[in-house]
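# Observations on the three-dimensional arrangement
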Amino acid sequence: MTPKRRITHITRWIKSYATRHRIKTLVVGVSGGIDSAVVSTLCARTGLPTVAVSMPIRQSRSTHSLSLAHGQWLTENFDNASHITQDLTPTFRQFEKLFPFGSPLAFANSRSRLRMMCLYQIAQDHEGIVVGTGNRVEDFGVGFFTKYGDGGVDISPIGDCMKSEVWAMGRELNIIPAIIDAAPTDGLWDDGRTDEDQLGMSYTDLEIAMHIDEGRTECNDSTFRQNLKRYREIRARNLHKMQPIPVCSMPVDR
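Cut-off values and rules
- Residues numbered from 1 in each chain as written.
- Predicted model: local features only at pLDDT ≥ 70, side-chain atom pairs only at ≥ 80, totals over all residues.
- Heavy atoms only, no water.
- Pairing = 2+ DSSP bridges.
- Helix = DSSP H or I, 4+ residues; strand = E, 2+ residues; numbered from the N terminus.
- Axes fitted to C-alpha atoms, helices over the stretch in contact; angles between N-to-C directions.
- Contact = heavy atoms within 4.5 Å.
- Phe/Tyr/Trp six-rings, centres within 6.5 Å; stacked < 30°, edge-to-face > 60°.
- Buried < 20%, exposed > 50% of the residue type's maximum accessible area, 1.4 Å probe, protein only.
- Lys NZ or Arg CZ within 6 Å of the ring centre and 35° of its normal.
- Parallel < 35°, antiparallel > 145°, perpendicular 65-115°, else oblique.
- Expected span 1.5 Å × (residues − 1).

Another aspect to go through is the sheet that holds strand β4 (residues 128–130). The four strands are arranged β3-β2-β1-β4 in an open sheet whose pairing can be described as parallel. The sheet is open, and its two edges are formed by β3 (81–85) and β4, each paired on a single side. Each adjacent strand pair in this sheet contributes to an overall mean axis angle of 25 degrees, direction not counted. With four bridges connecting them, strand β1 (residues 25–29) and strand β2 (residues 50–54) associate as parallel partners. In the strand pairing of β2, L26 is matched with T50. This element, helix α2 (residues 34–45), spans β1, β2 and β3 of the sheet and lies at about 170 degrees to β1.

As structure tokens, this is what we get:
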């Protein structure tokens, strides 16, 4: 499927879902990354009121600048789009004080969950839904998301799109080039580490490993085999995020 056809298909899917469920507003958290830029633009293309929300928490200047730039670009190109900036840094600082010995990873995930709460507050205020920005590699490959954080959404428009396909849609949509070229990051760490820093693999390598794991391509190179091993290790560790919550079934009395 070409990027143009994919854009049309997803836009119609979002609008169909919203119409069917009488949703008035689409709310998207924008981070300055390609995924949220594409999703917010697809939402705006539906013609429905779309609220893009920037939620900095001690954000790096460069990342936050891209988020603000996309918000401005979106509102300039779509009359139905609006952009809100909600600085959650003061709220997060107060939260940190409650857990003086909290681990850095736990605090990183708490940032994501705080943003989720903000998005749902705005969505309910506007009789809307929270639109997810996770792609297929992150959400259904390696599980690179925060449970009940950026994984807490109502719909997932690009959840079946590989990262390369999201980049292709971004170019087709004329997303700001700096956003397309920026190194992907979840923005949850004070040191500004990228996704590749955390995963130990680029999205290109992750996609290849995912294709091999799913039997869609051959594993005929030692580097591919190493990447496949790493991919499977990450996936196994995060598989619980991608599966339904286990429910203890009670035996039927006979």
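With that settled, the discussion passes to the packing of aromatic side chains. This model, assessed by the stated rule, comprises six aromatic pairs. Centre to centre, the rings of W73 and F78 are 6.4 Å apart; their planes meet at 70 degrees, and the pair counts as edge-to-face. Side by side, W73 and F78 carry an identical accessibility label, which is buried. Each ring, one from F92 and one from F107, has its centre 6.0 Å from the other, and the planes form 85 degrees; the classification is edge-to-face. One end of the pair, F92, is in helix α4 (residues 89–98); the other, F107, is in helix α5 (residues 104–125), with 15 residues separating them in the sequence. This pair shows no difference in class: F92 is buried, exactly as F107 is. Grouping aromatic residues by their ring pairs yields a cluster made of F92, F95, F99 and F107. When the ring centre of W167 is taken as reference, the NZ or CZ atom of K163 above it lies at 5.6 Å.

Taken N-terminus to C-terminus, the directions of helix α10 (residues 203–213) and helix α11 (residues 222–242) make an angle of 85 degrees; their axes are 9 Å apart at the nearest point. By the criterion of interaxial angle, the relationship of α10 to α11 is roughly perpendicular. When α10 is examined against α11, the residues D205, L206, I208, A209, M210, I212 and D213 are found in contact with a partner set consisting of F224, N227, L228, Y231 and R232.

Before going further, it helps to spend a moment on α2. Its twelve residues place the ends of α2 16 Å apart at the C-alpha level, agreeing with the 16 Å of an ideal helix rising 1.5 Å per residue. Of all twelve residues that make up α2, eleven are buried, and the element is covered over most of its length. Burial in α2 covers these residues: I34, D35, S36, A37, V38, V39, S40, T41, L42, C43 and A44. Of the residues flanking the end of α2, it is G47, one or two places downstream, whose phi is positive at about 90 degrees.

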